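A structural walkthrough
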Amino acid sequence: MPSYTAPIKDVQFLLHDVLDVSHNDIPGYDELEADFTGAVLEEAGKVASEVLAPLNPVGDVEGCKLENGLVSTPTGFKDAFEVMKEGGWTGLDCDPVYGGQGMPYVLNTAVGEIFSGANQAFTMYQGLTHGAYSAIHAHGSDEQKAKFLPKMVTCEWTGTMNLTESHCGTDLGLMRTKAVPQDDGSYKITGEKIFISAGDHDLSENTIHLVLAKIPGGPEGIKGVSLFIVPKYIVKDDGSLGDANGVSVGSIEEKMGIHGNATCVMVYNDSTGYLLGQEHKGMRAMFTMMNEARIGVGMQGLAQAEVAYQNAVIYAKDRLQGRAVTGVENPDGPADPIIVHPDVRRNLMDQKSFVEGGRAFLLWSANLIDRSVRAGDKEADGLVSLMTPVVKGFLTDKGFDMTVQAQQVFGGHGYIEEHGMSQFVRDARITQIYEGANGVQALDLVGRKLAQDGGKHVMAFFDMVKTFIKENAEDEALKADFLEPLKQASKDLQAAGMYFMQNGMTNPNNALSGSYDFMHLFGHTCLGLMWARMAKAANAALANGASDTVFYETKLATGRYYMARQLPATGMHLARIQTGADTVMALDAEAF
Ligand SMILES: Cc1cc2nc3c(=O)[nH]c(=O)nc-3n(C[C@H](O)[C@H](O)[C@H](O)COP(=O)(O)OP(=O)(O)OC[C@H]3O[C@@H](n4cnc5c(N)ncnc54)[C@H](O)[C@@H]3O)c2cc1C
């Protein structure tokens, strides 16, 4: 059975050596002293390793079942959910007014990675609830907040997000679900939603569905979409549960991975719904929580890469095959462990340098969200909005790739189910698809975010890289290994942006044919910046006499690997982008 150990030391390094969180000028951050975050992470790590990880293969094998209209989760999920509730993990960063603990998002993200790494399918039940909580918190009336949020913070009631219908996924303007206004101010919701994560289950007393629907007579397309709160059971004025609300499960989807999460077809039949926010402004309400939701999915991709990597390392040290070309390393055994072979090393270094760089990118982005939400910093808001499709698209694409590479370390034993590597690959795969498929993230980045506010945010990113390079220009320990490669990556990114400006206006296909490469070019550049910052922090710790020299030396060596072996991908992405749309669009559709 695979194992999971929370990467506490690495998270602590990022929070304190790199982001220096307890000295950030952000409300609530003064609590984030190293002792405190260390204790929270230790506790989360215990729950992850001892409770959630053992249930991961159980969920994969058993899946969820629909019997007599009721969905049941795999064996052990109910008890584990109680552990999450009792430990207060469900409301870690929620508003204390509604019973939450009010911790910053950056800490919640670090903890979220730990739970997701141990069991993605299980953690989604509370993740979806958190998404619905955030939407109600941002857009609900005082009455709605008081009625729904306290029980959602504790996960006594869980939440879902209902956007997708069979004929509309990316293009939500095609939606058919209807919301008919009633005399009492409520609406009657009728329609069918598909692929609804945590749509129904036996972990909570009630499910608070957030449903996108169209009010008849409203504007056409996406501008006519509104958002509604539709509880599975009506909540009476005194807070107790009333009648069933015409919400049923059509079926559970059979799928490739995350079997422990019930992905449901949800049927709404004259169900009572309450408008959340304004009529026809449903997408705006959704968008306010999109940054968090997409960063959350990027986090899932990273988390699967981390757990797959951990297990690949254990196997590579244990599996004996062949001898090291430079001389026998295990003379008492029949062969050397495969970790001696340079190609296995290359594979493990790819994984290690990605997960550590990706984690820095993730927590840095979460820190930007805190800056924006808690400190009202408009620049941080613009920057994180620009970065969100990169966090989602790059971390999930690379996260999936790394689970495949980790599986490769096991040879044929990775392909059969015994070692659990196939589950990591299958579970990671969905992160590239849901919450906006990655091609659509790239479209959002190039088609919308780059030019947002006159290109101000991307310029702020370039300035940040430039300033870092300038401020550290005399640092010999950083210069050749970190600053020069970062400078080149940033140049490639700017050249790609320039290409879009010069060629995208005349033919938009020139920009959109390069959007996916641009997302990856941007992702690599961000990880390059993160590695340069981590190297600076590691050098500083060593210079200050840190006792754990191995940790910091290892960090530096891993960073050098990323800069030398991964970052040059920016040149390839730029070269592809600069060929424009000609070869991409050369064939007529009939030629395929
Ligand atoms: C396991 C699972 C769980 C899910 N959970 C939820 C949930 O909880 N709630 C919910 O509402 N939905 C959920 N979804 C739905 C998911 O968000 C959608 O599947 C996803 O947004 C893509 O929509 P689609 O499948 O209709 O693909 P389509 O929109 O049909 O897209 C198909 C392909 O075309 C590409 N494409 C589409 N339009 C464009 C364009 N304009 N430019 C370039 N490329 C484009 C896409 O990138 C994609 O690769 C879930 C899906 C799955 C499989």
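See above for the structure.
Let me sum up the structure you'll find in this document.

What counts as what
- Residues numbered from 1 in each chain as written.
- Predicted model: local features only at pLDDT ≥ 70, side-chain atom pairs only at ≥ 80, totals over all residues.
- Heavy atoms only, no water.
- Helix = DSSP H or I, 4+ residues; strand = E, 2+ residues; numbered from the N terminus.
- Polar contact = N/O pair within 3.5 Å; in protein donor to acceptor, adjacent residues only side chain to side chain.
- Near = heavy atom within 4 Å.
- Areas by Shrake-Rupley, 256 points an atom, 1.4 Å probe, with all protein chains shown as cover.
- Axes fitted to C-alpha atoms, helices over the stretch in contact; angles between N-to-C directions.
- Parallel < 35°, antiparallel > 145°, perpendicular 65-115°, else oblique.
- Left-handed = near helix turned anticlockwise from the far one by under 90°.
- Contact = heavy atoms within 4.5 Å.
- Nonpolar A, V, L, I, M, F, W, Y, C, P; charged D, E, K, R; others polar.
- Core = buried A, V, L, I, M, F, W, Y, C linked by side-chain atoms within 4.5 Å.
- Buried < 20%, exposed > 50% of the residue type's maximum accessible area, 1.4 Å probe, protein only.
- Phe/Tyr/Trp six-rings, centres within 6.5 Å; stacked < 30°, edge-to-face > 60°.
- Lys NZ or Arg CZ within 6 Å of the ring centre and 35° of its normal.
- Patch = residues over 30% accessible without salt bridge, like charges linked within 9 Å, V, L, I, M, F, W, Y side chains within 5 Å.
- Salt bridge = Lys/Arg side-chain N within 4 Å of Asp/Glu carboxyl O.
- Lys, Arg positive; Asp, Glu negative; His and termini not counted.
- Charge placed at Lys NZ, Arg CZ, Asp CG, Glu CD.
- Expected span 1.5 Å × (residues − 1).

Quick word on the side chain of His16
- Tracing the chain through its elements places His16 in helix α1 (residues 8-18).
- One polar contact links His16 to Thr37, side chain to side chain, over a distance of 2.7 Å.

What to know about the site of the ligand
- In the neighbourhood of the ligand, 18 residues make up the surrounding shell, with Met161, Leu163, Thr164, Thr170 and Phe195 lying closest.
- A distance of 2.5 Å is found between an oxygen atom of the ligand and a side-chain nitrogen or oxygen belonging to Thr170.
- A distance of 2.8 Å separates a nitrogen atom of the ligand from a polar atom in the side chain of Ser197.
- Isolated, the ligand exposes 970 Å² of accessible area, and the fraction of that covered by the protein chains is 62%.
- Listing elements by their share of the shell around the ligand, those giving two or more residues are β3 (157-162), β5 (187-197) and α13 (438-449).
- For the shell around the ligand, the element with the most residues is β5, which contributes 3 residues.

Details of the packing of helix α5 (residues 120-139) against helix α6 (residues 142-153)
- It is the contact of α5 with α6, at a shortest axis distance of 10 Å, that shows an interaxial angle of 155°. Put simply, α5 runs roughly antiparallel to α6. α5 and α6 meet at a crossing whose hand is left-handed. Side by side, α5 and α6 meet where Thr129, Ala132, Tyr133, Ile136 and His137 of the first sit next to Gln144, Lys145, Phe148, Leu149, Met152 and Val153 of the second.
- Partitioning the contact of α5 with α6 into residue classes produces 7 nonpolar, 3 polar and 1 charged.

With respect to the packing of α13 against helix α17 (residues 515-543)
- The interhelical angle for the contact between α13 and α17, taken along N-to-C directions, is 80°, at an axis separation of 8 Å. Between α13 and α17, the angle falls in the class roughly perpendicular. Together, Asn438, Gly439, Gln441, Ala442, Leu443, Leu445 and Val446 of α13 and Ser515, Tyr516, Phe518, Met519 and Phe522 of α17 make up the contact between the two elements.
- Residues of the contact of α13 with α17, tallied by class, amount to 8 nonpolar, 4 polar and no charged.

A short note on the nonpolar core
- Core analysis: the largest hydrophobic core is formed by 143 residues, its most contacted members being Phe115, Phe361, Met387, Phe461, Phe518 and Phe522.
- The contact partners of Phe115, leaving out residues within four places of it in the chain, are Ala44, Val47, Ala48, Leu52, Met84, Trp89, Thr123 and Gln126.
- Judged by nonpolar contacts, the second largest core, of 34 residues, contains Ala121, Val153, Val225 and Val235.

A few points about the packing of aromatic side chains
- In total, this model carries 15 aromatic pairs according to the counting rule given.
- Judged by centre distance (5.3 Å) and plane angle (80°), the ring pair of Phe77 and Phe122 falls under edge-to-face. Pair noted here: Phe77 is in helix α3 (residues 77-86) and Phe122 is in helix α5, with a separation of 45 residues, a long-range link. Taken as a pair, Phe77 and Phe122 share a single burial class, namely buried.
- Each residue in the set Phe461, Phe462, Tyr499, Phe500, Phe518 and Phe522 is aromatic and connected to the rest through ring pairs, giving one cluster.
- If you follow Lys147 out to its NZ or CZ, it ends over the ring of Tyr274, 5.7 Å from the centre.

Things to note about the environment of Lys255
- Residue placement: Lys255 occurs in the loop between β10 (247-252) and β11 (263-276).
- Note on Lys255: relative accessible area 25%, which makes it partly exposed.
- Sequence separation between Lys255 and Ile430 is 175 residues, and the spatial gap between their C-alpha atoms is 9.7 Å.
- In contact with Lys255, other than residues within four places in its own chain, are Asn261 and Thr263.
- Polar contacts involving the side chain of Lys255 include one to the side chain of Thr263, which spans 2.9 Å.

A closer look at a negative patch on the surface
- A cluster of acidic side chains, namely Asp30, Glu31, Glu33 and Asp35, defines a negative patch on the protein surface.
- Mapped onto the fold, Asp35 is located in helix α2 (residues 34-62).
- For Asp35, a relative accessible area of 70% puts it in the exposed group.

Observations regarding helix α4 (residues 105-118)
- Taking 1.5 Å as the rise per residue, α4 with 14 residues should run 20 Å; its terminal C-alpha atoms sit 20 Å apart, in good agreement.
- Counting buried residues in α4 gives 14 out of 14 residues, a clear majority hidden from the surface.

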